[in-house]
Amino acid sequence: MKKSAINLPFFWIILFAFLFPCLFRGNCIAQPSDVNSVKSIRVSSDHDYPPYEFNDEKGRPTGFNVELINAVVESTGLVADVRLGIWNEVRAALEAGKIDAIAGMYYSKVRESVVDFSVPHNMVSSALFVRESSGIKTFDQARDKEIIVQKGDIMHDYLIEQGFTSRIVVADSPIDALQLMASGKHDGVLLSSKIQGLYFINKYRIKAIKVVETLLPARKYCFAVKKNDVELLQKLNEGLTILKHTGKYQQLYEKWFGVYEEKSLWQTSRTFIIAFVIVLSLLATISVLTWILRLQVRKRTRELHLSNERMQAIDNRLREITTQVPGVVYQFYARPGGAMGFYYISDRSEQVIGLKPDLDGYFERFLAIVIPEHRDGFIKSIEKSVKESSEWKYEGMLQKPSGEIIWFSGNANPSLRENEMVFNGMVQDITFRKQAEKELHHSEERYRTLVENASEIVLRTDSTGHFTFVNRAGLRITGYEEEEIMWMHYPALIHPRMLDETIKFFSRQFLNGLNNTYLEYAIITKDGREVWLGQNTQLIVEDGIVKGFQAVSRDITERKRAEEALQESEERFRLAYSTSPDAININRMSDGLYVDINEGFTRLTGF
């Protein structure tokens, strides 16, 4: 008798290694921690709709739809509790929310109003089954005949919606419908699935039945879920896609329907023919490619050598140029998943912001010197530019390692390269500019104080004519509050009788770029008074584009009234002397010409 070849010391080591974890756990039997966390969905469908779905001899759900939805939910980490029932009750249960999904349901717009459908997992062709002795040879010949359908089936809906026949006979199941017709009653059975009808005819050996093609479009056969159950619908669609890519779907389809579908010689042998052609093509291609690749390798080797020399020259030239640029030139990348980094940083980095231009960890080191108050905005600005593939611009403050605090500006333009976004840009020290802006701000405050206290109206508008600023004098004269006038359109103030003329004036000014123009016009105040203004207007132009206008206006109402009174007096005087038989009036210009001679002069002189 041979002794055991087990090495005893090695055996004890293995045994100890196996039992060691058990010494520190309450139970060595594997207890999955997430068993209870797996979500179970309630699935139902027709209990008698083979080969798609039915209860077998032991009452267990089976069929193509049942196996398919079990495989789908398993691929997405779910568990399906499948229980089949009477079709009408199943539909009602889904609409009432008593179940989560139906394994097989034909799509229609009417049904879509109460449930949501997955992408189709099958395209099913309908068929009309009639007795061989029947004179019905086309589907149209069955119009107005006695047609049997399953209650609540899609073909039941079709006959009602299309008005195909009013003589509809309802059966509880497809087999009941076929057996009823085979017994000699009614004219035909319309089933939503031709394969299903053939299944029943073969299984129950129903004789003297023939198939009439309906030529109706194939119906989309889908999973159905409760209305607005978006999460479950996405999982079912995802699982169905997985099964089709892995080949599992095709296996189930062949298992349940292969025996009922007639396949051509091409369908049965195409896999072998295609494989043979591919092998021959590969052999020929490999021979040609081997020869081509040898030539290409020699060529690419020479090109690579020259390319390396050119790249080195470009890199040297780039560094030479960037040393003359006042800011830090860089190339930054952002990849899916949040990975970020730099491909290039110019040597001026240490001089401008105090960081050595080392690529590794540069982004983290730069982020660390951005002052905390600006850090969050800095990160969000980058994330926004990456998400929208838009130009990046940002201004903030940082503290150099030396302790000096400066203002910096960053800008970059994006470009998409393969699977990453690349930004080419520059960071500059703008501390001096910020200080200048601060001083300018103080000057603007002083200017605003003068404007607010001015006796003339000072106003600004945008390019659409809406007010953007009106000083106190403007509010006082017009009678409006600031919050009221800021919602107003400039023409709303102009007196109606002068509106067209004034608008034409400003339109010409905008179109022709006229500046420093003067116009007198009347406005209507909030309380209905007429006020005359004499206005100097100047266009606001930025980058060659008119952005609006600013104006200084004076109240000239009193002057206008005096002019009107004087004009009225002159008219009365002119009327008086022009109609008097005795008065003589002569108005003579400096050049000797008479410009105004009344009738009295004419009468006396004869001229």
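Because the structure is predicted, anything quoted here is derived from the model rather than measured.

Trainee: How should the side chain of R91 be read in this particular structure?
Mentor: Position of R91 among the secondary structure elements: in helix α3 (residues 87-95). The charged side chain of R91 is buried without a salt bridge, its nearest counter-charge being D157 at 4.2 Å. If we ignore the near neighbours within four places in the chain, the residues touching R91 are I102, M105, R111, G152 and D157.

Trainee: Just checking my understanding: could you explain the sheet that holds strand β18 (residues 405-417) for this structure?
Mentor: Through backbone hydrogen bonds, the strands of a sheet pair up, either in parallel or in antiparallel fashion. In space, the five strands of this open sheet follow the order β16-β15-β19-β18-β17, with antiparallel pairing throughout. For this open sheet the edge positions go to β16 (340-345) and β17 (392-399), each flanked by a neighbour on one side alone. Within the sheet, the average angular offset between the axes of one strand and its neighbour, ignoring direction, is 30°. Here five bridges tie strand β15 (residues 328-334) to β16, and the two strands are oriented antiparallel to one another. Residue pairing in the sheet places Y330 in a bridge with I345 of β16. Running at roughly 100° to β16, helix α12 (residues 362-369) makes contact with β15, β16, β17 and β18 of the sheet. Where helix α13 (residues 372-388) meets the sheet, its contacts fall on β15, β16, β17, β18 and β19 (420-429), and the angle it forms with β17 comes to roughly 155°.

Trainee: Looking at this model, I keep getting lost on a nonpolar patch on the surface. Mind explaining?
Mentor: A cluster of nonpolar residues, I273, F276, V277, V279, L280 and L283, forms a patch on the protein surface that exposes about 560 Å² of accessible area. Mapped onto the fold, F276 is located in helix α10 (residues 265-322).

Trainee: Help me understand the pattern of salt bridges, please; the structure alone is not making it clear to me.
Mentor: A side chain with one charge may pair with a side chain of the opposite charge, provided their charged atoms come close. Applying the stated criterion across every chain yields a total of 19 salt bridges. The partner of R111 in a salt bridge is D157, with the nearest N and O atoms 3.4 Å apart. Of the two residues, R111 sits in helix α4 (residues 109-112) while D157 sits in helix α5 (residues 154-162), which places them 46 residues apart along the sequence. Each of the two residues, R111 as well as D157, counts as buried. Two residues, E420 and R335, come together in a salt bridge whose shortest N-O distance is 2.8 Å. Of the two residues, E420 is situated in strand β19 and R335 in the loop between β15 and β16; the sequence distance between them amounts to 85 residues. Through salt bridges with shared partners, a single ionic network connects R42, D100 and K226.

Trainee: Is there a simple way to think about the packing of helix α2 (residues 64-75) against helix α9 (residues 248-257) in this case?
Mentor: A packed helix pair is summarised by two numbers, namely the angle formed by the two axes and the spacing between the axes. Where α2 contacts α9, the two axes come as close as 10 Å, and the packing angle between them is 165°. Between α2 and α9, the angle is such that the two are roughly antiparallel. α2 and α9 meet at a crossing whose hand is right-handed. Where α2 approaches α9, its residues F64, E67, L68 and A71 are matched on the opposing element by K248, Y249, L252, Y253, K255, W256 and F257. Grouping the amino acids of the contact of α2 with α9 by side-chain chemistry returns eight nonpolar, no polar and three charged.

Conventions and cut-offs
- Counting starts from 1 at the beginning of each chain's written sequence and moves along it residue by residue.
- Only residues with pLDDT of at least 70 get local features here, since the model is predicted, and only at 80 or more are side-chain atom pairs given and counted; chain-wide, interface and lining totals rely on the full set of residues.
- The side-chain values count all of the structure's non-hydrogen atoms but skip hydrogen atoms and water molecules.
- Numbering of helices and strands runs from the N terminus, with a helix taken as a DSSP run of H or I at least four residues long and a strand as a DSSP run of E at least two residues long.
- The cut-offs for exposure are 20% and 50% of the maximum accessible area for each residue type, with area from a 1.4 Å probe on protein chains only; residues under the lower value are buried, those over the upper are exposed, and the others partly exposed.
- For this count, His and the chain ends are skipped, Lys and Arg are scored as positive, and Asp and Glu as negative.
- For this analysis, a salt bridge means a side-chain nitrogen from Lys or Arg found within 4 Å of a carboxyl oxygen belonging to Asp or Glu.
- Every residue pair with non-hydrogen atoms within 4.5 Å of one another is taken to be in contact.
- We call two strands paired when DSSP finds no fewer than two bridges between them.
- To obtain an axis, a line is fitted to C-alpha atoms, over the contacting stretch when the element is a helix, and the angle between two such axes runs from 0 to 180 degrees between their N-to-C directions.
- Patch membership requires over 30% relative accessible area and the absence of a salt bridge. Like charges are linked within 9 Å, and nonpolar side chains (Val, Leu, Ile, Met, Phe, Trp, Tyr) within 5 Å.
- For accessible areas, the Shrake-Rupley method is used with a probe of radius 1.4 Å. Any residue's cover is judged against the shown protein chains and nothing else.
- What sets the label is the angle itself: under 35 degrees gives roughly parallel, over 145 gives roughly antiparallel, 65 to 115 gives roughly perpendicular, and the rest give oblique.
- Two helices crossing with the near one rotated counterclockwise from the far one by less than a right angle form a left-handed crossing, whereas a clockwise rotation gives a right-handed crossing.
- Three residue categories are used. Nonpolar comprises Ala, Val, Leu, Ile, Met, Phe, Trp, Tyr, Cys and Pro, charged comprises Asp, Glu, Lys and Arg, and polar comprises the others, including Gly.

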